[in-house]
Amino acid sequence: MGLSKASCSVSLLQLFIVVCLVFQCSAKKKGAELNTTLIVNASDASGRPIPETLFGIFFEEINHAGAGGLWAELVSNRGFEAGGPNTPSDITPWTIIGNESYVNVETDRTSLFDRNKVALRLEVLCDSEGDNICPADGVGVYNPGFWGMNIEQGKKYKVIFYVRSTGSINLTVSLTGSNGVGNLASSVITASASSVSNWTKVETLLEAKATDHNSRLQLTTITKGVIWLDQVSAMPLDTYKGHGFRTDLAEMVAAIKPRFIRFPGGCFVEGERLRNAFRWKASVGPWEERPGHFGDVWMYWTDDGLGYYEFLQQLAEDLNALPIWVFNNGISHTDEVVTSAILPFVQEALDGLEFARGDPTSKWGSLRAAMGHPEPFDLRYVAVGNEDCNKKNYRGNYLKFYGAIKQAYPDIQIISNCDASSQPLDHPADMYDYHIYTNANDMFSRANAFNHASRSGPKAFVSEYAVTGNDAGTGSLLAALAEAGFLIGLENNSDVVSMISYAPLFVNANDRRWNPDAIVFNSYQLYGTPSYWVQLFFAESSGATLLNSSLHPIASNSLLASAITWRNSVDGRSYIRIKVVNFGANTVNLKISFDGLDPKSVHQTNLTVLTSANVMDENSFSQLKKVVPIQSTFQALGKDINVSVPPHSFTSLDLLKDSSNIRMPGRDHSTRFSI
């Protein structure tokens, strides 16, 4: 994970506090205490299956989540296209090395790639000898990546670029410190004039001799002449499963065991204007030929190296999650296509489905096969637009998409933007989208949001939820507890709620476009907010069995609970999991009473608690795990279990049952809830 051993180790003080809160090991009691009983019917006949797809993730290109984040490309604006197709173009963050007496740098439209014609032209005025001698370190350009490149000792980095020249070349490709000092790795590229008179692809492998979290990539020379550069890429070799994703970030996502991934947005799909909306066709094929685009909602350029294919193959498949493709329905934030003119957008969606599911001999299926995936992808769900229900042309456009897709792919599940939790839809749909961003109290109260929803008709997809505003801070315990209560309500209503995902998933700490987020990172560090850790409590819920449970008496409107049975795929053992959120300021003495459960079948109980000294506590780069779940193990005795639920806490109990030959621990022990 890239975290130090010290950051992952158990804080004895924190552990002592949690254990005392739960088991009342101190004689001194703080404040009023409440008493209640959770009655759980643990018989197999009483349970209801939870959808296999209940919990997943929503990825949007926001906060530099992909470009400069999950997608491991180190070079920012690798094709020099971020300034647009016209020249002279803005090449930011590329920067010139050397002054105007040594080198002249400009852009022109001479690239060999038709969809991104801008290339960088370097006219080197100095030389290794003569009257105008180049500086010892050479002249050229450097790229700092996304707020610094993380280069680590012993790791290898593949650098690819395209070059042509009017003469022979002698280029040094190097990784250095942020100020150009310190050679972490370098390679010298030489070629005769005849071999680089036309565009030539160059690949070199750099192995770092030292670590620098704020490095840059340099291309320099001390040879007079004119050189053109284009499509400069630098990627670490140790990406997640070798498929281009930053390993530590991908592993953190994998830990919550997502059953689906909704992508690529969000507002990113809509665009502030349609001309800047994400288009899947521009994001497939060789990476060098992808034009990239300016995301005018979140206001930054993406080269679309993380494209439609990568989402389907290198993320959904690698995470063993079902893809949910959100496509543009002819509507942006500021302009719309009228229904009478929507057919080109409909065809684009159908072509996208053919790319994902078509025969490898079909037009778009053959492109997928050429990219390395002849077998169709398991694409079962599509969402027609994002948050567009109230737009003038949405319903008319939606019906055109719905009819065409159902005719071509009858099994595809189609998701409407319109909320049907309180009133029926006026159009056909397999699911409907439900988004909620609100304060903590309101979020907690929405645990009951689906109690009275219709049990017939389309199911709900709660694809975006989060506590925002002052209650959230940049990721507070308070926000997480309110969300935990909301999720328990959704779990209890999983007969009408099919899918759930938090939003946003990622934020690069250097570019917070939205706050808060589940996972925070910079070039080399990362941590989960309390909202991230809450999601781990539900990692086993998808495909589990929901047990009937009820609180008697309801001692507080700040207490919520649920009960499931689930089977651990690693050890094959069965567990009962009780989850309890105490959103109030009082300790709750909770007795858990089971019906239909032989006490002798329960062998041990794992207790996990998420709490902290202050509800506004957060994690940070200086305290990566200030607010994380703490786990302890103890032997369960008798039919009932008594637990003291701390104020402002989320508690989970896993009861191991129906197992034999289990070695019981000699004493209680506790660990961090590890990912």
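This text follows the structure it describes.
Structure report, in brief.

Cut-off values and rules
Note on numbering: residues in each chain are counted from 1, in written sequence order. The predicted origin of the model limits local features to residues at a pLDDT of at least 70 and limits the giving and counting of side-chain atom pairs to 80 or more, whereas totals for whole chains, interfaces and linings rest on all residues. In computing side-chain properties, one takes all heavy atoms of the structure into account and sets aside hydrogens as well as water. Counting rule for disulfides: a pair of cysteine sulfur atoms within 2.5 Å. Only runs of H or I of at least four residues qualify as helices and only runs of E of at least two qualify as strands under DSSP, and these elements are numbered from the N terminus. Burial classification: accessible surface area is computed with a 1.4 Å probe over protein chains only, and a residue below 20% of its type maximum counts as buried, one above 50% as exposed, and the rest as partly exposed. Working definition: a ring pair exists when centres of Phe, Tyr or Trp rings (six-membered ring for Trp) sit within 6.5 Å. Plane angles under 30 degrees give stacked, over 60 give edge-to-face, the rest tilted. Strands are labelled as partners when DSSP assigns at least two bridges between them. To define axes, lines are fitted to C-alpha atoms, for helices over the stretch in contact only, and angles between the resulting N-to-C directions are given on a 0 to 180 degree scale. For salt bridges, the criterion is a side-chain nitrogen of Lys or Arg within 4 Å of an Asp or Glu carboxyl oxygen. A cavity here means a set of 1 Å grid points, computed over protein atoms only, where a 1.4 Å probe fits but cannot escape. A pocket is an open set with protein on both sides within 12 Å along at least 5 of 7 lines, and lining residues have an atom within 4 Å of a point. Grid points are joined across faces, edges and corners, and a volume is the space filled by probe spheres set on the points. Ten residue types, Ala, Val, Leu, Ile, Met, Phe, Trp, Tyr, Cys and Pro, are classed as nonpolar, four, Asp, Glu, Lys and Arg, as charged, and the remainder, Gly among them, as polar. Throughout this description, any angle smaller than 35 degrees is read as roughly parallel, any larger than 145 degrees as roughly antiparallel, any in the 65 to 115 degree range as roughly perpendicular, and the remainder as oblique. Should the near helix be turned anticlockwise from the far one by less than a right angle, the crossing is termed left-handed; should it be turned clockwise, right-handed. In this analysis, two residues are considered to be in contact whenever any of their non-hydrogen atoms come within 4.5 Å of each other. Whenever a nitrogen or oxygen atom comes within 3.5 Å of another N or O atom, the pair is scored as a polar contact, on the condition that within protein one atom can donate a hydrogen and the other can accept it, and that pairs from neighbouring residues in sequence are kept only if both atoms are in side chains.

### Digging into the state of the cysteines
Reasoning step 1: The full count for this structure, using the stated rule, is two disulfides.
Reasoning step 2: Disulfide partner of C389: C418, at an S-S distance of 2.1 Å. An S-S torsion of about 105° defines the bridge between C389 and C418 as right-handed. One end of the pair, C389, is in the loop between β19 (381–384) and α8 (394–408); the other, C418, is in the loop between β20 (413–416) and β21 (431–438), with 29 residues separating them in the sequence. By the burial criterion, C389 is buried, and C418 matches it.
Reasoning step 3: Not engaged in a disulfide, the cysteine C267 finds its nearest cysteine sulfur in C389; these two sulfurs lie 15 Å apart.

### With respect to the packing of aromatic side chains
Reasoning step 1: With the rule as written, the count across this model stands at 33 aromatic pairs.
Reasoning step 2: On the numbers, 5.1 Å between centres and 70° between planes, the contact of W280 with W364 is edge-to-face. Placement of W280 in the loop between α4 (267–270) and β16 (293–295) and of W364 in helix α7 (residues 363–370) is noted, with a sequence separation of 84 residues between them.
Reasoning step 3: Ring geometry for Y465 and F486: centres 5.8 Å apart, planes at 55°, overall tilted. In this pair, Y465 is assigned in strand β22 (residues 459–467) and F486 in helix α10 (residues 477–492), connecting sequence segments 21 residues apart. In terms of burial, Y465 and F486 fall into one category: buried.

### What about the sheet that holds strand β31 (residues 587–595)?
Reasoning step 1: Reading across the sheet, the four strands line up as β28-β1-β31-β34 and stay open at both edges, with mixed pairing between neighbours. The sheet is open, and its two edges are formed by β28 (549–552) and β34 (640–645), each paired on a single side. Averaged over all pairs of adjacent strands, the angle between their axes in this sheet comes to 25°, without regard to strand direction.
Reasoning step 2: Two strands pair when backbone bridges link them, and strand β1 (residues 33–41) and β31 are joined in this way by nine bridges, in the parallel orientation. Directly across from V40, in β31, lies its bridge partner F594.

### Quick look at the pattern of salt bridges
Reasoning step 1: Under the criterion given, the structure shown has 29 salt bridges.
Reasoning step 2: With a closest N to O distance of 3.0 Å, R395 and D426 form a salt bridge. With R395 in helix α8 and D426 in the loop between β20 and β21, this pair connects stretches of sequence that are 31 residues apart.
Reasoning step 3: Residue class for R395 comes out partly exposed when judged on its relative accessible area of 34%.
Reasoning step 4: On the accessibility criterion, D426 (56% relative accessible area) is exposed.
Reasoning step 5: Note that D511 is salt-bridged to R513, the shortest N-O span being 2.6 Å.
Reasoning step 6: Look at D511 and you get buried, because its relative accessible area is 8%.

### Some words on empty space enclosed by the protein
Reasoning step 1: The tally for this structure, following the rule as stated, stands at eight cavities of 30 Å³ or more.
Reasoning step 2: Roughly 120 Å³ of volume is contained in the largest cavity.
Reasoning step 3: Contributing to the lining of the largest cavity are 17 residues, with E61, A67, T302, D304 and L306 lying nearest its centre.
Reasoning step 4: Partitioning the lining of the largest cavity into residue classes produces ten nonpolar, three polar and four charged.
Reasoning step 5: Reported here for the second largest cavity is a volume of approximately 100 Å³.
Reasoning step 6: Surrounding the second largest cavity, V269, F278, R279, W280, W325, V326, F327, N328, F345, E348 and A349 form its lining.
Reasoning step 7: Looking at the lining of the second largest cavity, the elements that each hand over two or more residues are β18 (322–327) and α6 (343–357).
Reasoning step 8: Partitioned by chemical class, the residues of the lining of the second largest cavity number eight nonpolar, one polar and two charged.

### Quick word on the packing of α10 against helix α11 (residues 530–537)
Reasoning step 1: For the pair α10 and α11, the least separation of the axes is 8 Å and the interaxial angle reads 30°. With respect to each other, α10 and α11 are oriented roughly parallel. Judged by the sense of rotation from one axis to the other, the crossing of α10 with α11 is right-handed. Together, L477, A479, A480, E483, A484 and L487 of α10 and P530, S531 and V534 of α11 make up the contact between the two elements.

### With respect to the side chain of S531
Reasoning step 1: Positionally, S531 belongs in helix α11.
Reasoning step 2: Looking at S531, its side chain comes within polar contact range of the side chain of E483, at 2.6 Å.
Reasoning step 3: The contacts of S531, once residues within four sequence positions are left out, are A479, A480, E483 and Y502.

### Brief notes about the sheet that holds strand β26 (residues 526–528)
Reasoning step 1: Strand order in the open sheet formed by three strands is β24-β25-β26, and the pairing between neighbours is mixed. For this open sheet the edge positions go to β24 (506–508) and β26, each flanked by a neighbour on one side alone. The average undirected angle you get between the axes of adjacent strands in this sheet is 20°.
Reasoning step 2: One ladder, built from three bridges, connects β24 with strand β25 (residues 519–521); its direction is parallel. Residue pairing across strands places N508 opposite F521, the latter belonging to β25.
Reasoning step 3: Sitting on the sheet, helix α3 (residues 247–254) touches β24, β25 and β26, and the angle it makes with β26 is about 15°.

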